[in-house]
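Listed below are the residues making up each chain.
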Amino acid sequence: MSFYPICAEYNDAPLAEQFGSVTEQDVRRALNKNTLGPEDFLALLSPAAVPLIEEMAAKANQLTLQHFGRTIQLFTPLYMANFCTNKCVYCGFNTKNNIPRSQLGPEELEKEAKAIAATGLKQLLILTGDARAKSSPEYIESAVKILRKHFPSVSIEIYAMTEEEYSRLVEVGVDGMTMFQETYNEVLYPELHPAGPKHDYRFRLDAPERACKAGMRVVNIGALLGLDDWRHDALKTGIHAAYLQNEYPEVDIAVSLPRIRTHVGDAFTPKSLVSDTNLVQNMLALRIFLPRCGITISTREAPDFRENILPLGVTRMSAGVSTEVGGHTGDEEEEKVGQFDISDERSVDEMCEVLRKHGYQPVFKDWHPLQEAS
Amino acid sequence: MSNDIFKLGGLEFESRLLTGTGKYADDSVIPDVCKASGSQIITVALRRVDLESETGNVMDFIPKHMQLLPNTSGARTAEEAVRIARLAKAMGCGNWIKIEVISDNKYLLPDGYETAKATEILTKEGFVVLPYVNADLYIARSLVDAGAAAVMPLGAPIGTNRGLKTREMVRILIDEIDLPIIVDAGIGRPSEACEAMEMGADACLVNTAIATASDPALMGKAFSRAVKAGRDAYLSGPGAKHSHAKASSPLTGFLHEG
């Protein structure tokens, strides 16, 4: 099985026309259904749904409350390395960018882990650049063994791996995998990823499925909204999530909704600008289409916006974030460059206070490992 | 009725309302809910228990008098459920366990076969096992054989607040299974809990409807009253309900004529 042929159909379809021909009646019909199909999801993402955004919000709010309660899961990323062999034109870690590169050794990892654990966080997302030679599967495995001593849940956001490699990471205690397709547009994809292993569209597209097969408990996917027309990627992401949910019902499928922001290096102009209204519409449509799907919002988003969307479908948020390698410890004088600029720089404590103020419980721990850390 | 004691797992309880700990905006409301609802048994997902946490551990909010019912939320197989149950015991959560084995994250429906397997293993290890299952007579019978302390059929898929959609199947379990029947999941309103009790269910477990109410303590109280009212109605023997109309001119009246 593969999502590829399904995705190819969407890539060949006249999506702009399809979005343009949706009527208000179509949107209302989708809103009134209990179980939605892909055509309903498309209707909710269409321009015709914009005037009905408040009605969509009411339904998304009710579904989120029903399935997830008044809770928000908190996690934080740990950047272990920023060596990268890719040339993604929009990314701060692009191999062409002349930035300081580094990788955390065992002792630095332990220090970072302790610093993060001291904030109370229990769910860690580890990231490396895409450089197999530097951040090898063995390096990642040994890092996970260190980190699992401090965190009951460790997820990965790294280069696409084989099923066997994912299985080995599951064995050492990785329980979640995040993979951004960036864009599902197969023509645009190679233009944005001109070199490096990430150039392989299909290997990346099938990576979440390989992670499901390898026994990951949570698989989180997403597109970087703005690289292509956001509606197109939002649609394909939702269809991808639905496909994974149907094929691997034992895996928790989640979707992140990042939109492109600035970074160091050459001036990249996104194909479409994703407004707040656009992002909210995407979140609402996704919640209504896939009521049980996790939705992740990062600190790329501004504090006000993150607070305003709390009732609208989000279930996981990052907090206390640094996108720099060793950003939680280390020498403050040292020059460090993050993958992207964060907008919400609030600490974990501040984030918890904000969540409670809005009537939401910050959830730190949501999994108890069945194998104790080795 | 003060002598109406609910016997479960070798213990006796006055309340027939079991509550939960998930989905609350703030766990600090849990003691108020326990008090207002009079509930004496509370379920907690081991995956959320964090004994080391300085930032808040759900266990700190569970009143000491409550019977703790750890659950295996997150288990996808019998083996995972068994491991979670053992971990719960090792962490000091006692030997009661609510088995939840769910490998379908779309509908969150329980896997009866894996649940029965886990039940069999854990009862042999001395656990008081309360399995959460579909309202299915065959699964229920296998749970009786496996040594379960009760059968917990769902009223509707978990978290849906859709009510007692499985009413006819739950009725069969009540009639046929010689274990406490605790309706778990799906109950969204006190009137639905009342109906389950009126039918003869031994107890109800309600979490989402209480935890996501604007005033959880008040909703807990409402459920407590509804469960009690339903139980009293069941014990008082309501008049038989006829499934078809009674002809005012009896169909067999002619047999008595002349």
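What you are looking at is a predicted structure, and each value in this text was computed from that prediction instead of being measured.

S.K.: Hey, could you go over the overall build of chain A for me, with residue numbers and the actual values?
M.R.: Helix and strand content of chain A: 15 helices and 9 strands. Here chain A has a C-alpha radius of gyration of 20 Å; the compact-globule value for 374 residues is 21 Å, and the two agree. In terms of overall dimensions, chain A has a C-alpha envelope of 60 × 45 × 40 Å along the principal axes. Within chain A, the fraction of its 374 residues that count as buried is 62%. Counting only carbon and sulfur atoms, one obtains 50% of the accessible surface of chain A, whose full area is about 14,200 Å². Taking the 38 positively charged and 53 negatively charged side chains of chain A as two groups, their mean positions are separated by 3 Å.

S.K.: Account for the confidence of the model for chain B, naming residues and giving values.
M.R.: Residues and elements named next belong to chain B. With 93% of its residues at a pLDDT of 70 or more, chain B shows a mean pLDDT of 90. Mean pLDDT per element in chain B: helix α7 (residues 208-211) is the minimum at 91, and strand β7 (residues 128-133) is the maximum at 97. Under the prediction, the complex receives an ipTM of 0.76, its pTM being 0.86.

S.K.: Give a description of the packing of aromatic side chains that names residues and reports values.
M.R.: All names here are of chain A. With the rule as written, the count across this model stands at 7 aromatic pairs over all chains. Here F3 and Y243 contribute two aromatic rings whose centre-to-centre distance is 5.6 Å and whose plane-to-plane angle is 40 degrees, an arrangement assigned as tilted. Of this pair, F3 sits in the segment before α1 (4-12) while Y243 is found in helix α12 (residues 230-247), placing the two residues 240 residues apart along the sequence. Grouping residues by exposure puts F3 and Y243 together as buried. Ring geometry for Y4 and Y201: centres 6.4 Å apart, planes at 75 degrees, overall edge-to-face. Of this pair, Y4 sits in helix α1 while Y201 sits in helix α10 (residues 201-205); the two residues are 197 residues apart in sequence, bridging distant segments of the chain. These aromatic residues form a ring-pair network of at least three members: F3, Y184 and Y243.

S.K.: I'd like a description of the environment of A146(B), backed by residues and values.
M.R.: Residues and elements named next belong to chain B. Inspection of the secondary structure assignment puts A146 in helix α4 (residues 137-146). A146 sits in the buried class, given a relative accessible area of 8%. Sequence spacing of A146 and G112 is 34 residues, and the spatial spacing of their C-alpha atoms is 12 Å.

S.K.: Any details on the pairing of strand β6 (residues 96-99) of chain B? Residues and values, ideally.
M.R.: Burial along β6(B) is two-sided: the residues W96(B) and K98(B) and I97(B) and I99(B) are all buried. Following the chain from β6(B) across helix α3 (residues 112-124) of chain B to the adjacent parallel β7(B), one finds a crossover that is right-handed.

S.K.: Explain the pairing of strand β10 (residues 203-206) of chain B to me, using residue names and the numbers behind them.
M.R.: All names here are of chain B. Burial along β10 is two-sided: the face carrying A203 and L205 and the face carrying C204 and V206 are both buried. Of the strand pairs in this sheet, strand β3 (residues 17-19) and β10 are connected by 3 bridges, and their pairing is parallel. Counted as the bridge partner of L18 is L205 from β10. The sheet contact formed by strand β9 (residues 182-184) and β10 spans 3 bridges and is parallel. Residue pairing in the sheet places D184 in a bridge with L205 of β10. A crossover connection joins β9 to the parallel β10 through helix α6 (residues 190-199); in handedness this β-α-β unit is right-handed.

S.K.: Residue-level account of the layout of surface pockets, with values.
M.R.: Of the voids in this model, the second largest pocket is the one considered here, and its volume is about 740 Å³. Around the second largest pocket, the lining comprises 28 residues; the ones closest to its centre are N34(A), T35(A), F289(A), P291(A) and Y107(B). Mapped by element, the contributors of at least two residues to the lining of the second largest pocket are α5 (53-68), α12 and α13 (276-289) of chain A. Residue classes in the lining of the second largest pocket are distributed as 15 nonpolar, 8 polar and 5 charged.

S.K.: How would you sum up the environment of R86(B)? Please name residues and give values.
M.R.: Residues and elements named next belong to chain B. Turning to its location among the elements, R86 is positioned in helix α2 (residues 78-90). Classification of R86 by relative accessible area gives partly exposed; the value is 40%. Once you skip the residues sitting within four places of it in the chain, R86 turns out to touch I121, E125 and F127.

S.K.: Quick one: what's the story with unusual backbone geometry, residue by residue and with numbers?
M.R.: Residues and elements named next belong to chain B. In the Ramachandran plot, L108 falls in the positive-phi region, its phi being about 55 degrees despite a non-glycine side chain. Mapped onto the elements of the fold, L108 is located in the loop between β6 and α3. The buried category is assigned to L108, whose relative accessible area is 14%. Even without glycine at this site, A185 takes up a positive phi of about 85 degrees. Tracing the sequence through the fold places A185 in the loop between β9 and α6.

S.K.: So what's going on with helix α6 (residues 106-117) of chain A? Residues and values would help.
M.R.: Residues and elements named next belong to chain A. The end-to-end C-alpha distance of α6 is 16 Å, a good match for the 16 Å that 12 residues give at a rise of 1.5 Å each. All of the buried residues along α6 are L109, E112, A113 and I116. End-on view of α6: buried residues confined to an arc of 100 degrees, all on one side of the axis. For α6, the exposed residues set more than 90 degrees away from the buried face come down to E107, K111 and K114. In the core, the buried residues of α6 are packed alongside β1 (71-79), β2 (123-127) and α7 (137-147).

Cut-offs and rules
- Residues numbered from 1 in each chain as written.
- Chains lettered and ligands numbered in written order.
- Predicted model: local features only at pLDDT ≥ 70, side-chain atom pairs only at ≥ 80, totals over all residues.
- Heavy atoms only, no water.
- Helix = DSSP H or I, 4+ residues; strand = E, 2+ residues; numbered from the N terminus.
- Rg over C-alpha atoms; globule rule 2.2 N^0.38 Å.
- Buried < 20%, exposed > 50% of the residue type's maximum accessible area, 1.4 Å probe, protein only.
- Areas by Shrake-Rupley, 256 points an atom, 1.4 Å probe, with all protein chains shown as cover.
- Lys, Arg positive; Asp, Glu negative; His and termini not counted.
- Charge placed at Lys NZ, Arg CZ, Asp CG, Glu CD.
- pLDDT = per-residue confidence, 0-100.
- Phe/Tyr/Trp six-rings, centres within 6.5 Å; stacked < 30°, edge-to-face > 60°.
- Right-handed = clockwise from strand over helix to strand, strands pointing away.
- Pairing = 2+ DSSP bridges.
- 1 Å grid on protein atoms, 1.4 Å probe; cavity = no way out; pocket = protein on both sides within 12 Å on 5 of 7 lines; lining within 4 Å.
- Points joined across faces, edges and corners; volume = space filled by probe spheres on them.
- Nonpolar A, V, L, I, M, F, W, Y, C, P; charged D, E, K, R; others polar.
- Contact = heavy atoms within 4.5 Å.
- Expected span 1.5 Å × (residues − 1).
- Arc of directions from axis to C-beta.

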